[in-house]
Amino acid sequence: MNFSEHDFIAPDEILAEVVMNTGEKRLETVSKGFIYSQMNKCLEELSYHTFFDVQSKVFTFPSSQILDIPARVFNVREIYGYSGDSCTTSNSTNIYWKRNFYINGNGAVARSKTDNWNDPFYGGSGIDKRYRAFVPRDVYTDAVGRAASQLYYYGYEKGQLHFSNECKKFSNLLIKFNGIWSVDPSKPSIPRYFRQVVTDWCSERVLRAKKAEDINKWRLLWSDYAGALDRNGFNGSWYQAESIVKRMGTKEREDLNEYLSRLNY
Amino acid sequence: MSNTILRYVVDDISKDLKQVADDKKIERAQVAYWVLMVGNRLKSQHIQKRDSGMFLHTYVGVPVEKVASSSNPNTVEGRKRIKLPASIFDFNKDRGIDYISYWIDDEVDCPPEFTNKTFTRTTPKTSAILYMDEYTKPSPSNPYWYLTGMEYVYFLGIEKVDVESIEIGLYSTFDPLTEIDLDAPFDFPEELLNVLKRQVLDLGRFVLQIPEERRNDGVSTTPAENIPTQKLISVNDSVNKSEE
């Protein structure tokens with residue numbers, strides 16, 4: 001998240017503007033809750049389309065080696081295993097994704113395991129001495145000579161993360177996800193730079209509801225706000241909001257540019 | 001405050017209709033009734049045309065009751081409601097009720113409660129949809145009201161909190177004639193008084209034009225010779241059939 005945790009605007013600020021824009025000062029066709037709900041939907045959509053919200057979550061390593069992904073997050077970005085607690089982090093290590101790897105009961109299955117016993121296509125891998133004499137294999141070890149079975153990796157299945165045996169040495173996991181933003185009507189909870197897109201989104205949705213009651217009266221104004229939002233085009237507040245998120249992280253880009261342009265690495 | 005009292009209007013019209021002497025055919029009470037009847041119509045049209053608080057009346061401390069037992073129609077056990085403190089105009093979308101809010105009178109230096117804990121209007125049928133969304137669900141911070149019948153306003157969302165009374169703003173009709181004070185300020189737009197007077201005069205004139213014989217005084221005016229004295233018999237009756 002590349003913005004301040006202290007710079008949010010209150011949903012009521014948006015509400016105040018939306019009811020003026022849509023002739024709903026008396027909140028007769030739509031209720032206050034309907035507009036809050038639309039703010040939430042707008043932020044949800046922005047979460048999916050811009051990945052603007054990144055959340056770190058810490059978990060105790062599950063004894064089953066299977067971790068349920070919690071609610072209101074999606075898209076795993078980073079996974080680290082570490083020992084210690086929140087005050088002392090030690091032996092932190094990146095955990096890699098392994099294709100087609102699943103924990104099943106006390107064991108695990110994978111399309112390609114270390115030994116690949118009797119598999120006509122995959123040879124064994126690693127330096128497991130028990131099979132070295134009998135099975136031809138591509139010997140693979142990591143930089144410090146560890147066998148594949150000793151590596152840290154995870155697989156993904158039905159909203160769960162499955163961790164390899166070796167990961168059991170970690171006491172905790174730190175995982176970064178993309179978050180699904182939620183609006184709390186009782187406190188400032190909308191990022192300031194989304195003010196315009198949320199206002200236009202809510203105005204369009206309110207007018208959509210009013211249009212359903214009296215299409216001749218409201219279609220024209222609805223059309224104005226549908227244009228202002230321009231959900232699928234490039235000339236409205238939706239595209240501008242996406243652009244804002246994409247332009248963030250200026251220092252990251254500057255630093256990366258500098259690093260790549262040195263050419264003497 | 002209005003410069004006019006109802007007595008001026010009634011007496012003025014009674015005098016113009018020449019109905020002030022002791023042999024008058026239209027009583028003052030009847031003229032007053034007409035004034036209120038026409039006045040209600042003109043006032044309702046006036047309120048709907050203008051965004052004005054002139055005829056909005058606020059009632060505070062209106063007690064909320066929890067209905068103890070059901071009775072038909074409109075009284076449902078266990079629901080919270082108020083009895084409307086005055087009769088209201090039946091405007092579109094219940095706009096006869098301008099607002100309803102929690103009202104707390106023991107707080108000082110706080111913004112008026114009606115600005116932040118207002119009830120939102122709904123209807124019994126559409127309220128079902130409100131429960132389907134977390135944000136629209138009725139709750140103490142997001143309460144709703146609905147009108148059933150002419151007397152009661154029911155509430156949603158305050159079932160589990162103790163709300164003793166509410167504040168309500170109404171666009172109300174004139175009180176019934178039996179309760180109205182002829183010498184109280186007449187709660188009516190001054191600029192429409194001439195329209196009101198004209199319409200009541202038209203009404204009075206029409207009534208005075210109704211001929212006496214249109215009225216049923218209980219006396220038969222049919223000449224005695226025209227009153228049939230024999231039983232009427234059908235031409236198809238066997239008595240009237242010939243041999244041929």
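Just so it is clear, the model here is predicted, and its values are computed rather than measured. (Residues numbered from 1 in each chain as written. Chains lettered and ligands numbered in written order. Predicted model: local features only at pLDDT ≥ 70, side-chain atom pairs only at ≥ 80, totals over all residues.)

Some remarks on the overall build of chain B
A count of helices and strands for chain B gives 4 helices and 8 strands. The order of helices and strands in chain B, counted from the N terminus, is α-α-β-β-β-β-β-α-β-β-β-α. For 244 residues, the compact-globule formula gives about 18 Å, and the C-alpha radius of gyration of chain B, at 28 Å, lies well above that figure. For chain B, the spread of C-alpha atoms along the principal axes amounts to about 95 × 60 × 30 Å. (Helix = DSSP H or I, 4+ residues; strand = E, 2+ residues; numbered from the N terminus. Rg over C-alpha atoms; globule rule 2.2 N^0.38 Å.)

Structural notes on the nonpolar core
Here is a general trend for soluble globular proteins: nonpolar side chains tend to be buried in one another's company. In this structure, Ile35(A), Met39(A), Cys42(A), Val198(A) and Cys202(A) are the most contacted members of the largest nonpolar core, which totals 29 residues. For this core, the secondary-structure elements that each account for two or more residues are helix H1 (11-21), helix H2 (32-50), helix H4 (195-213), helix H5 (215-229) and helix H6 (237-247) of chain A. If one sorts the elements of this core by residue count, H2(A) sits on top with 7 residues. Look past the residues within four positions of Val198(A) in its chain and what remains in contact with it is Ile14(A), Met39(A), Cys42(A) and Ile190(A). Grouped together as the second largest cluster of nonpolar side chains are 23 residues, Ile88(B), Ile97(B), Tyr144(B) and Val153(B) included. (Core = buried A, V, L, I, M, F, W, Y, C linked by C-beta atoms within 7 Å. Buried ≥ 20, exposed ≤ 12 C-beta atoms within 10 Å, placed from the backbone. Contact = placed C-beta atoms within 7 Å.)

Notes on the environment of Pro188(A)
With respect to the secondary-structure elements, Pro188(A) resides in the loop between strand S13 (172-179) and strand S14 (190-191). Setting aside chain neighbours within four positions, we find Pro188(A) in contact with Phe8(A), Ile9(A) and Ala10(A).

Points about unusual backbone geometry
Looking along the chain, the bond that leaves Asn72(B) and enters Pro73(B) is cis, with omega of -10 degrees. Secondary-structure assignment places Pro73(B) in the loop between strand S2 (65-66) and strand S3 (80-83). Positioned with a positive phi, Asn91(A) is a non-glycine residue whose angle comes to about 55 degrees. The residue Asn91(A) is located in strand S5 (residues 89-94) in this model. At Asn74(B), a residue that is not glycine, the phi angle is positive and equals roughly 75 degrees. Turning to its location among the elements, Asn74(B) is positioned in the loop between S2 and S3.

Digging into the packing of helix H1 (residues 6-16) of chain B against helix H2 (residues 28-49) of chain B
Residues and elements named next belong to chain B. Here H1 crosses H2 at 115 degrees, and the two axes come no closer than 9 Å. In terms of their interaxial angle, H1 and H2 are classed as roughly perpendicular. Classified by chirality, the crossing of H2 by H1 is right-handed. Each of Leu6, Val9, Val10, Ile13 and Ser14 in H1 lies in contact with H2, whose residues at this interface are Arg28, Val31, Ala32 and Val35. Residues that form the contact of H1 with H2 fall into these classes: 7 nonpolar, 1 polar and 1 charged. (Axes fitted to C-alpha atoms, helices over the stretch in contact; angles between N-to-C directions. Parallel < 35°, antiparallel > 145°, perpendicular 65-115°, else oblique. Left-handed = near helix turned anticlockwise from the far one by under 90°. Nonpolar A, V, L, I, M, F, W, Y, C, P; charged D, E, K, R; others polar.)

Here we look at the sheet that holds strand S5 (residues 120-121) of chain B
All names here are of chain B. The strand order across the open sheet formed by 5 strands is S2-S3-S7-S6-S5, and the pairing between neighbours is mixed. Of all strands in the sheet, those bounded by a partner on one side alone are S2 and S5. Pairing between S3 and strand S7 (residues 152-156): 3 bridges, direction antiparallel. In the sheet register, Arg81 faces S7, and the bridge partner there is Tyr154. (Pairing = 2+ DSSP bridges.)

Here's the deal with the confidence of the model for chain B
For any part of a model where pLDDT is low, the fine detail of the predicted coordinates should not be relied upon. With 91% of its residues at a pLDDT of 70 or more, chain B has an overall mean of 87. We note a pTM of 0.81 for the whole complex and an ipTM of 0.77 for its interfaces. (pLDDT = per-residue confidence, 0-100.)

Points about the environment of Asp187(B)
All names here are of chain B. Of note, Asp187 is situated in the loop between strand S8 (165-171) and helix H4 (193-209). Through-space distance from the C-alpha of Asp187 to that of Lys241 is 75 Å; in sequence the pair is 54 residues apart. Setting aside residues up to four positions removed in sequence, Asp187 forms contacts with Ser2 and Phe55.

Concerning H2(A)
Counted at 1.5 Å a residue, the expected span for H2(A) with its 19 residues is 27 Å, and the 27 Å between its end C-alpha atoms agrees. Immediately beyond the C-terminal end of H2(A), within one or two residues, lies Phe51(A), with a positive phi of roughly 55 degrees. (Expected span 1.5 Å × (residues − 1).)

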